[in-house]
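This is what each chain is made of:
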Amino acid sequence: MARARAVDRRLFLLLEIAARKLNRDADARLKSVAGVTSAQAAVLFLLARRGERRMGDIGETLSLNPPAVTGLINRMEGLGLVTKTASTTDKRSSVVSLTEKGRALGDTADPILRDFNTELESRLGEDDSDMLHRVLTRLAVNI
């Protein structure tokens with residue numbers, strides 16, 4: 001027998017609301033201990049794991065548009081977390097590197113987000129966590 005469903009389940013709206021709530025919670029945790037936001041932490045993690053990156057590569061990896069990347073990197077540079085230099089191969093592009101302060105704050109932020117993920121997995125349970133990971137990965141990769 002077919003399962004009854006609401007005509008409009010508003011999946012997009014629910015994803016947006018959940019993302020905003022989770023982002024606020026993550027930002028509050030990160031700001032109180034590491035002094036960075038989740039967006040800043042994402043850049044710190046990316047640079048720590050993959051080395052210096054062009055601004056466009058950061059935007060592509062984190063799914064941010066160019067003005068958002070520029071604003072984010074400029075704020076992080078002002079805080080001394082990253083440095084931005086002109087690319088030697090493309091004068092229209094800038095290369096972003098991690099500073100020692102940025103590396104240290106990234107190291108501080110990492111366990112905070114690991115704990116947050118563990119809490120989420122606990123709240124959802126193993127099966128739902130696995131399913132959500134599969135679905136979100138599919139959405140992130142295919143959209």
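Structure first, text after, so check above.
Notes on the structure follow. (Residues numbered from 1 in each chain as written. Predicted model: local features only at pLDDT ≥ 70, side-chain atom pairs only at ≥ 80, totals over all residues. Heavy atoms only, no water.)

Running from N to C, helix α3 (residues 55–62) and helix α4 (residues 66–78) cross one another at 110 degrees; their axes reach a closest spacing of 9 Å. On the basis of their axis angle, the class for α3 and α4 is roughly perpendicular. Where α3 crosses over α4, the handedness of that crossing is right-handed. Residues M55, I58 and G59 of α3 form the contact with α4, whose own contacting residues are V69, T70 and I73. Taken together, the residues of the contact of α3 with α4 break down into four nonpolar, two polar and no charged. (Axes fitted to C-alpha atoms, helices over the stretch in contact; angles between N-to-C directions. Helix = DSSP H or I, 4+ residues; strand = E, 2+ residues; numbered from the N terminus. Parallel < 35°, antiparallel > 145°, perpendicular 65-115°, else oblique. Left-handed = near helix turned anticlockwise from the far one by under 90°. Contact = heavy atoms within 4.5 Å. Nonpolar A, V, L, I, M, F, W, Y, C, P; charged D, E, K, R; others polar.)

Here the focus is the pattern of salt bridges. If you walk through the whole model with that rule in mind, you get seven salt bridges. When the shortest N-O distance is used, the salt bridge between R29 and E119 registers 2.8 Å. Highlighted residues: R29 in helix α1 (residues 11–33) and E119 in helix α5 (residues 100–124), separated in sequence by 90 residues. Here D57 makes a salt bridge to R54, at a shortest N to O gap of 3.1 Å. For D57, a relative accessible area of 25% gives the class partly exposed. Given a relative accessible area of 35%, R54 falls into the partly exposed group. (Salt bridge = Lys/Arg side-chain N within 4 Å of Asp/Glu carboxyl O. Buried < 20%, exposed > 50% of the residue type's maximum accessible area, 1.4 Å probe, protein only.)

Take the sheet that holds strand β1 (residues 53–54) next. In spatial order, the strands read β1-β3-β2; together these three strands make up an open sheet with antiparallel pairing. At either end of the open sheet lies a strand with only one pairing partner, and these are β1 and β2 (82–86). Along the sheet, helix α2 (residues 38–50) contacts β1, β2 and β3 (94–98); its crossing angle with β3, the most-contacted strand, is approximately 90 degrees. (Pairing = 2+ DSSP bridges.)

This part covers the side chain of S129. If you trace the backbone, S129 turns up in helix α6 (residues 126–142). With a relative accessible area of 12%, S129 lands in the buried category. Beyond its immediate sequence surroundings of up to four residues, S129 is in contact with L120, E121 and L124.

Once that is clear, we can look at α4. If you check α4, its first and last C-alpha atoms are 18 Å apart, about what 13 residues at 1.5 Å a residue would give, namely 18 Å. Residues of α4 that are buried make contact with α2, α3, β2 and β3. Of the residues trailing α4, G80 is marked for its positive phi of about 80 degrees. (Expected span 1.5 Å × (residues − 1).)

One can find T89 in the loop between β2 and β3. A C-alpha to C-alpha distance of 39 Å links T89 and N117, two positions 28 residues apart in sequence. At 3.1 Å, the side chain of T89 and the side chain of S87 are in polar contact. (Polar contact = N/O pair within 3.5 Å; in protein donor to acceptor, adjacent residues only side chain to side chain.)

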